[in-house]
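Secondary and tertiary structure notes
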Amino acid sequence: MTQQDSPLSTVELDRLEKLLVSDVFHEEAMPLDMLQGLICAVASAPDLIPPSSWLPVALGDNPAYENAAQAQEILGLVMRFYSQTVLDLEDGAGITLYTFPDDDGEDDLAVWCEGYLEGVVLSEVDWEEHGDPEVVEELLFPFMLLPGRMR
């Protein structure tokens, strides 16, 4: 397994988290928890969503990379995070959710769910066409409820 294929270390995850909220992205990049939600939706979509579709959503339209090395570092970390998440999902053992505490100190799943919903809308195929529409709607309901999309 090469480094490009290996899961991110804790140090690399911390580095990715800090880069995502840095000035490079003009506050347009998703934080790590939202990014993981997006990646989970992309991985579970009924059609293939290429990085060319989801990376601009994840990182914003106009990152201000300091140089080519920084761009390569960030894209490398994001793609390894993507690969790690997809492999964990395919494994079937579940994934470690990256969530951060809200104002009350509880895990803020709403941000993660918002990222998931951003990934759902990237699919060119209607998710409800690939299963019983009522079941799909029921499965997506918590993702819409937690970030307040349904009241």
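Reference entry: report on the structure contained in this document. Owing to the predicted nature of the structure, the values given are computational and were not obtained by experimental measurement.

What follows deals with the pattern of salt bridges. Applying the stated criterion to the full structure yields two salt bridges. For Glu12, the salt bridge identified is with Arg80, shortest N-O distance 2.9 Å. Note that Glu12 is positioned in helix H1 (residues 10–20) and Arg80 in helix H4 (residues 68–91), a separation of 68 residues in sequence. We note that Glu12, like Arg80, is buried.

Okay, a negative patch on the surface next. Negative charge collects at one region of the surface, where Asp126, Glu128, Glu129, Asp132, Glu134, Glu137 and Glu138 lie side by side. Along the chain, Glu134 turns up in helix H6 (residues 133–145).

The biggest cluster of nonpolar side chains holds 38 residues, and the ones touching the most others in it are Leu16, Leu20, Leu35, Trp54, Phe81 and Tyr116. Broken down by secondary-structure element, the contributors of at least two residues to this core are H1, helix H2 (32–44), helix H3 (51–59), H4, helix H5 (109–120) and H6. Looking at this core, the element that brings in the most residues is H2, giving eight residues. When sequence neighbours within four positions are dropped, the list of residues in contact with Tyr116 reads Gly37, Leu38, Cys40, Ala41, Ser44, Trp127, Leu140 and Phe143.

About the cut-offs
Residues numbered from 1 in each chain as written. Predicted model: local features only at pLDDT ≥ 70, side-chain atom pairs only at ≥ 80, totals over all residues. Heavy atoms only, no water. Salt bridge = Lys/Arg side-chain N within 4 Å of Asp/Glu carboxyl O. Helix = DSSP H or I, 4+ residues; strand = E, 2+ residues; numbered from the N terminus. Buried < 20%, exposed > 50% of the residue type's maximum accessible area, 1.4 Å probe, protein only. Patch = residues over 30% accessible without salt bridge, like charges linked within 9 Å, V, L, I, M, F, W, Y side chains within 5 Å. Areas by Shrake-Rupley, 256 points an atom, 1.4 Å probe, with all protein chains shown as cover. Lys, Arg positive; Asp, Glu negative; His and termini not counted. Charge placed at Lys NZ, Arg CZ, Asp CG, Glu CD. Core = buried A, V, L, I, M, F, W, Y, C linked by side-chain atoms within 4.5 Å. Contact = heavy atoms within 4.5 Å.

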